[in-house]
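These are the residues of each chain, in order.
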Amino acid sequence: MNGWQVDTTWFAADSLAGAAPLAAGTIEEEYVDAIPLGRGPDLGIISSTLLCVVIYFALLATVQLRGRGLLSALCVYFIRKKNSEQLVTKKIMPNLLPLFLSLCLSFLSLSLFVVYLESGSFVPAAAARYLCYFLAYHFVLLGVISLLGWVFSARDCAREVAINAWVYNTVPGIALSPGVLSLFYARAALADALLAVMTLLLALYAILRLSRWVKILFEHRVPIFYLILYLCALEILPLLVLYKMLAGSF
């Protein structure tokens, strides 16, 4: 029997070699099906959507580490407005560069949200365009507020409104950024649910923002005519321009 023993090692090796590509192909297909791929241009090593997510949260972590309590102070001012003057003088105003970077991150998040509404995928050029629009709106708003405070000798009112503009433009985008960035990776049903929730939150934010600014203007005894003129020109008109831009894209 020992003389007739057949060497089957070559057969086993050949069988394993033939089965390996099949197993590898099966495993590769399973991983490709399991990983949610971003709907954006591929940069070769990493998709542009994932690169945007990594850069966004890296900058956000930098602001948190370098801002010396800036983000927490902005959130406290946004929610409760408690000890506002102390927060402004000790936490917000000394951190001008982290504050500007936080504003850019907030507007970038809102820009990505608008881009998703517009095309359903990550489009860097469109995101940059909307980011420039939001930044231009913010600084034009600050300029008009300063001009009105100087013309009508109401600099205290203008200062308070300007601080509210910084806070109310910075906090919402950063707070919604996890949901906004998840839109590009979520399945259709989950993306629709996230979209509905964030739209509702933004609507509540708009109401809160208008009510807060109306309260400030009433506290400083601004006439009703100027109050309505201000809200229509500087709050409602930019929203109508943004809606027109989106309507043209649709």
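This write-up is about the structure you can find in this document.

**Observations concerning the layout of surface pockets**
Here is step 1 of the chain: Within this model, the largest pocket holds a volume of roughly 770 Å³.
Here is step 2 of the chain: In terms of lining residues, the largest pocket is bounded by 26 residues, among which Phe134, Leu202, Tyr205, Leu239 and Leu242 are the most central.
Here is step 3 of the chain: Those elements giving two or more residues to the lining of the largest pocket turn out to be helix H5 (96–119), helix H6 (124–151), helix H7 (155–182), helix H8 (188–219) and helix H9 (224–249).
Here is step 4 of the chain: With eight residues, H8 is the largest single contributor of residues to the lining of the largest pocket.
Here is step 5 of the chain: Here the lining of the largest pocket is composed, by residue class, of 22 nonpolar, two polar and two charged.
Here is step 6 of the chain: Estimates place the volume of the second largest pocket at around 410 Å³.

**Some points on the nonpolar core**
Here is step 1 of the chain: Counting residues in each nonpolar core, the largest one holds 66 residues, and the members touching the most others are Val167 and Tyr230.
Here is step 2 of the chain: Contributions of two or more residues to this core are made by helix H2 (48–66), helix H3 (70–79), helix H4 (84–92), H5, H6, H7, H8 and H9.
Here is step 3 of the chain: For this core, the leading source of residues is H7, giving 14 residues.
Here is step 4 of the chain: Residues in contact with Tyr230, not counting those within four places in the same chain, are Leu141, Ile145, Leu148, Val161, Trp213, Leu217 and Glu235.

**Focus: the environment of Pro238**
Here is step 1 of the chain: The residue Pro238 is located in helix H9 in this model.
Here is step 2 of the chain: For Pro238, a relative accessible area of 15% puts it in the buried group.
Here is step 3 of the chain: As for Pro238 and Tyr137, which are separated by 101 residues in sequence, their C-alpha atoms are 7.5 Å apart.
Here is step 4 of the chain: The residues touching Pro238, leaving out its near neighbours within four places in the chain, are Tyr133, Tyr137 and Ala233.

**Considering the state of the cysteines**
Here is step 1 of the chain: Following the criterion strictly, the structure yields zero disulfides and no others.
Here is step 2 of the chain: As a non-bridged cysteine, Cys104 has Cys132 as the owner of its nearest cysteine sulfur, 9.8 Å distant.

**Let's talk about unusual backbone geometry**
Here is step 1 of the chain: Backbone geometry places Arg68, a non-glycine residue, at a positive phi of 50°.
Here is step 2 of the chain: Within the fold, Arg68 resides in the loop between H2 and H3.
Here is step 3 of the chain: Given the relative accessible area of 58%, Arg68 is considered exposed.

**Describing the side chain of Ser106**
Here is step 1 of the chain: Structurally, the position occupied by Ser106 is in helix H5.
Here is step 2 of the chain: With near-sequence residues (within four places) excluded, Ser106 lies in contact with Tyr56, Asn169, Thr170, Pro172, Gly173 and Ile174.

**Quick look at empty space enclosed by the protein**
Here is step 1 of the chain: Tallied over the entire structure, the rule returns one cavity of 30 Å³ or more.
Here is step 2 of the chain: Forming the walls of the largest cavity are Thr49, Cys52, Val53, Leu112, Phe122, Leu181 and Phe184.
Here is step 3 of the chain: Tallying contributions element by element places H2 first for the lining of the largest cavity, with three residues.
Here is step 4 of the chain: Residue classes in the lining of the largest cavity are distributed as six nonpolar, one polar and no charged.

The rules behind these values
For every chain, the first residue of the written sequence is number 1, and numbering continues from 1 along that sequence. Two thresholds apply to this predicted model, a pLDDT of at least 70 for residue-level local features and 80 or more for giving and counting side-chain atom pairs, whereas whole-chain, interface and lining totals are computed over all residues. Working from all heavy atoms in the structure, the side-chain values ignore hydrogens and water. Residues are said to line a cavity or pocket when one of their atoms sits within 4 Å of a point; the points come from a 1 Å grid over protein atoms alone, cavities being sets where a 1.4 Å probe fits but cannot get out and pockets being open sets with protein on both sides within 12 Å along at least five of seven lines. Grid points are joined across faces, edges and corners, and a volume is the space filled by probe spheres set on the points. Strands here are runs of E lasting at least two residues and helices are runs of H or I lasting at least four, both read from the DSSP assignment and numbered beginning at the N terminus. Any residue outside Ala, Val, Leu, Ile, Met, Phe, Trp, Tyr, Cys, Pro, Asp, Glu, Lys and Arg is labelled polar, Gly included; the first ten of those are nonpolar and the last four are charged. For the purposes of this section, nonpolar cores are sets of buried Ala, Val, Leu, Ile, Met, Phe, Trp, Tyr and Cys residues that join through side-chain atoms within 4.5 Å. Only protein chains enter the accessibility calculation, which uses a 1.4 Å probe; a residue is then buried when its area is under 20% of its type maximum, exposed when over 50%, and partly exposed in between. By definition in these notes, contact holds between two residues if any of their heavy atoms fall within 4.5 Å. The disulfide criterion used throughout: a pair of cysteine sulfur atoms within 2.5 Å.

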